[in-house]
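Structure assessment
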Amino acid sequence: MNADTPMPPRTVAAAPAASKGTVHEKEDVIRHYREMLRIRRFEEMAARAYTQGKISGFLHLYIGQEAIAVATADLMRPGDRVVTTYRDHGFALAQGCDSRSCMAELFGKKTGLVGGVGGSMHFFARDKGLWGGHAIVGSHVPLAVGHAFASKYSGDGAVTLCFLGEGAMHIGAVHEGMNLAGLWRLPVVFVVENNQYAMGTPIRRQTPEPDMTVRAPVYGMPSDRFKVEDVFETRERLAAAVERARSEHKPTLVELLTYRFRGHSMSDPAKYRTKNEVEEWKIRDPMSTAEQELREVHGWGDEDFEATDETVVAEMQDAMEFADSSPLPDPEFRFRNHYVEDDLPEQG
Amino acid sequence: MPILQIREAIRDAMDEEMARDERVFLMGEEVGYYNGAYKASEGLLDKYGEKRVVDTPIAEAGFAGVGIGAAMAGLRPIIEFMTFNFSAVAFDQILNNAAKMRQLTAGQFTVPIVFRGPNAAAHMLGSTHSQAFESFYCGFPGVKVISVATPYDAKGLLKSAIRDENPVLFFESEVMYGVKGEVPEEEYLIPIGKADIKRPGSDVTVITWGQGVPVCLEAARLAEADGIDCEVIDLRTLRPLDDEAVFESVRKTNRVVLCYHGWPYGGTGAEVADRIARVCFDHLDAPVERVCYEDINMAYAENLEQLTLPTPEKALEAIRAVSYHRS
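What you see is a predicted model, and the numbers here were worked out from it, not measured in a lab. (Residues numbered from 1 in each chain as written. Chains lettered and ligands numbered in written order. Predicted model: local features only at pLDDT ≥ 70, side-chain atom pairs only at ≥ 80, totals over all residues.)

Focus on the overall build of chain B
The helix and strand tally for chain B stands at 12 helices and 14 strands. With respect to the principal axes defined by its C-alpha atoms, chain B has extents near 60 × 40 × 40 Å. Burial analysis of chain B (327 residues in total) assigns 57% to the buried set. Restricting to contacts in chain B with at least 6 residues of sequence separation, those with at least 24 account for 80%. (Helix = DSSP H or I, 4+ residues; strand = E, 2+ residues; numbered from the N terminus. Buried ≥ 20, exposed ≤ 12 C-beta atoms within 10 Å, placed from the backbone. Contact = placed C-beta atoms within 7 Å.)

This is the structure:
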């Protein structure tokens, strides 16, 4: 099949009636809208800083997919873990990481999430339940399975949510990890964020079977598959999988059909897709869905959106200034943390 | 003192540490119901059950990663590779996850894990099953690497490895699991990072580890006939290297032979030779000689394999060369 062949039609399960058209608590809608906006404004600011040369390396933006991280954060209990890919800013912010330390990490500063040794692709915040930030595609799936193995071993009741792109579904470690999770019935939820492209390779050139969830029964897992158009629906359907992991110790494979509005990374002009395609997905942007509900159901007007935006932009502006004015890591810091004894006081 | 085989010493080390610490578990192919491909875990399933002696399907990247993930979450896994040859498919997990996690997370996570199993050539297994992995696993920071040649060292160092807070690669040998030696009944630990003089001597320093140890001890015995008194140093830990033990011996003998299983290009032998050349330059009376695999893929045929491996005869030749001895 070559690149010009049209995408095969795919079946997408209809959203449950309970979610679509349901009126949500105003405070909830505002909260979710604001969290999605925080991620979007953070990343727009980061993109600007990147073009100004203040951020270097790779910078993969989550813009368009924010609802997933926001819905996930709402389901987490203390001790639960999110394990994700290098497209990790959204999860960090949604999990409650401070925008200052996130931005400072992008700037390679001492005040960053991991002191400037990780950068965009390697965000970790154990105290917030963010267990990476993993930059080798698919390599984190066995790790997440290991976290879940530890939960079952120690009986801590925690759930591990492992996010991966559809592009990762074709590498060996993912198959091995999912097979072990199914075999040992571990409390883990695998969430495939299918944003349609592995860098520049559309799904039709990645695999003969565009539906990732057909693999679920092979691993003894139930599955779910839907388009991410609404943060509440996303939360509700992920909640079912999390609950299954928590109470039945059973893994689930969820495929989320989503879209990144920007290129793969800042160096990618995304010439492999049409403007029309991008615009079409933008119509279904979960932020627009939330905005619509706020306007039509909860009586929000332009001034409410402007006021919210102003607060969020101010927060991100502050984060940027904080990162910019923060000190570089101490030269000695490059030697730290390679071995546990590096950080112990000298004996005798 | 009781006499044990290396496989028994390894089993006892795991047994004692599992009894001591609930967080320690063993995972790998055939470690449970089969009692270990080389019987290094014999009896452990019966004693500790399926929760702590975990059989896996053939999935090294999967279970190596699961071990690392479990270690990040507070457990202390022992991951058995049926042989280190199969660790090649888990290399990404060891290189990018085990070795880097602590530094990458600024100390938020530690990875106390042991990867153990037989390493280097056994007997007539062909090129894919006869490889020595020192040069790969010593080649990056964040891990410790141990290679053992006696039951005493195997038990004392494995116990230390299991208690270590860092990822440790622990090399055994298929052809040496039956090697016997004294092992004390009372508990003991051998510190990681300390070499051991397996034979004291004054004329030539012979540096080795793992399967090279019996080769070098035999070469040293043969050299006696030439009146050459060899000091055989077993490095035991390959990363971090016990520089001082090496330098001290070289300053005494002024002559060095390195003899080990592994390819000649780069790697641990080359690293030791480099350190000696830089630090002990003024003490050397001859160029450092290395006896290791030839720079080729291992053949199956017995005669071809024997020609490729380091042997006591090849080591003796090198010992004579650095002594400028004419036979």
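Moving on from the coordinates now.
Points about the overall build of chain A
A tally of helices and strands in chain A yields 10 helices and 8 strands. With the C-alpha coordinates of chain A rotated into their principal frame, the extents come out at 65 × 55 × 45 Å. Here chain A holds 348 residues, and the buried ones make up 51% of them. For chain A, restricting intrachain contacts to residue pairs at least 6 apart in sequence, the fraction spanning at least 24 positions comes to 76%.

Notes on unusual backbone geometry
Excluding glycine, residues mostly have negative phi values, and the peptide bonds linking residues are mostly trans. Each neighbour pair has its own omega, and for G132 of chain A with G133 of chain A the value is 10 degrees, a cis peptide bond. Position of G133 of chain A among the secondary structure elements: in strand 2 (residues 130-133). The omega angle of the peptide bond from R239 of chain B to P240 of chain B is 0 degrees, so this bond is cis rather than trans. Note on placement: P240 of chain B falls in the loop between strand 12 (237-239) and helix 9 (243-253).

Details of the pairing of strand 7 (residues 223-227) of chain A
Residue and element names in this part refer to chain A. As defined by bridge partners, strand 7 adjoins strand 8 (residues 252-257) across 5 bridges and the pair is classed as parallel. Of the residues in strand 8, the one forming a bridge with F226 is L256. Tracing the backbone out of strand 7, into helix 7 (residues 231-248) and back to the parallel element strand 8 gives a crossover that is right-handed. (Pairing = 2+ DSSP bridges. Right-handed = clockwise from strand over helix to strand, strands pointing away.)

Let's talk about the interface of chain A and chain B
Contacts between the two partners involve 29 residues from chain A, matched on the other side by 33 residues from chain B. Secondary-structure elements contributing two or more residues to the side of chain A that touches chain B are helix 5 (140-154) and helix 6 (172-183) of chain A. Ranked by the residues each element gives to the side of chain A that touches chain B, the list is headed by helix 5 of chain A, at 9 residues. Here the side of chain A that touches chain B is built from residues that sort into 15 nonpolar, 11 polar and 3 charged. (Nonpolar A, V, L, I, M, F, W, Y, C, P; charged D, E, K, R; others polar.)

Some thoughts on the domain arrangement of chain B
Residues and elements named next belong to chain B. Under the domain assignment used here, chain B contains domain 1 (3-182) and domain 2 (196-322). Of the residues lining the interface, 24 residues belong to domain 1; the matching set on domain 2 comes to 23 residues. Going through the elements one at a time, helix 6 (134-137), strand 6 (144-147) and helix 7 (151-163) are the ones with two or more residues in the side of domain 1 that touches domain 2. Broken down by element, the residue count for the side of domain 1 that touches domain 2 peaks at 4 residues, all from strand 6. (Domains from an automatic or database assignment.)

Focus on the nonpolar core
One finds C162 and V189 of chain A together with V206, V257, A315 and I319 of chain B to be the most contacted residues of the largest nonpolar core, which totals 203 residues. No other element matches helix 1 (residues 26-51) of chain A, which puts 9 residues into this core. Here this core spans two domains, since at least three of its residues come from each of domain 1 (3-182) and domain 2 (196-322) of chain B. Residue contacts for C162 of chain A: discarding those within four places in its chain leaves V83, V141, A144, V188, V189, F190 and V191 of chain A. (Core = buried A, V, L, I, M, F, W, Y, C linked by C-beta atoms within 7 Å.)

Looking at helix 9 (residues 286-296) of chain A
Residues spaced three or four apart along an α-helix point in a common direction, a consequence of the helix completing one turn every 3.6 residues. All names here are of chain A. Residues of helix 9 that are buried: P286, M287, T289, A290 and E293. For helix 9, the arc enclosing every buried residue in end-on projection is 160 degrees, short of the 170-degree limit, so these residues lie on one face. Of the exposed residues in helix 9, the ones pointing more than 90 degrees away from its buried face are S288, Q292 and E296. (Arc of directions from axis to C-beta.)

Structural notes on the packing of helix 1 of chain A against helix 10 (residues 302-325) of chain A
Residues and elements named next belong to chain A. For the pair helix 1 and helix 10, the least separation of the axes is 9 Å and the interaxial angle reads 45 degrees. The pairing of helix 1 with helix 10 is recorded here as oblique in orientation. As helix 1 packs across helix 10, the resulting crossing turns out to be right-handed. Taken together, the residues of helix 10 that come into contact with helix 1 (itself represented by R34, L37, R38, R41, F42, M45 and A49) are T308, D309, V312, V313, E315, M316 and M320. In terms of residue class, the contact of helix 1 with helix 10 is made up of 8 nonpolar, 1 polar and 5 charged. (Axes fitted to C-alpha atoms, helices over the stretch in contact; angles between N-to-C directions. Parallel < 35°, antiparallel > 145°, perpendicular 65-115°, else oblique. Left-handed = near helix turned anticlockwise from the far one by under 90°.)

Notes on the confidence of the model for chain A
Residues and elements named next belong to chain A. Overall, the predicted model of chain A reaches an average pLDDT of 93, with 93% of residues at or above 70. In this model residues 1-11 is a low-confidence stretch, pLDDT under 50, and it forms 7 contacts with partners more than four residues away in sequence or in other chains. Every residue in residues 13-18 is under pLDDT 50, and counting partners more than four places away or in other chains gives 7 contacts. (pLDDT = per-residue confidence, 0-100.)

Thoughts on helix 10 of chain A
Under the 1.5 Å per step criterion, the end-to-end length of helix 10 of chain A is 34 Å for 24 residues, consistent within 8% with the ideal 34 Å. On its buried face, helix 10 of chain A sits against helix 1 and helix 4 (99-106) of chain A. (Expected span 1.5 Å × (residues − 1).)

Section: the sheet that holds strand 11 (residues 230-234) of chain B
Residues and elements named next belong to chain B. Taken in spatial order, the 5 strands make up an open sheet running 9-11-10-13-14, and their pairing is mixed. Where the open sheet ends on each side, the last strands, each with one partner, are strand 9 (196-199) and strand 14 (289-291). With direction set aside, neighbouring strand axes in the sheet form an average angle of 25 degrees. Pairing analysis gives 3 bridges linking strand 13 (residues 256-259) to strand 14, with the strands arranged parallel. Across the sheet, the residue bridging to C259 is V291, located in strand 14.

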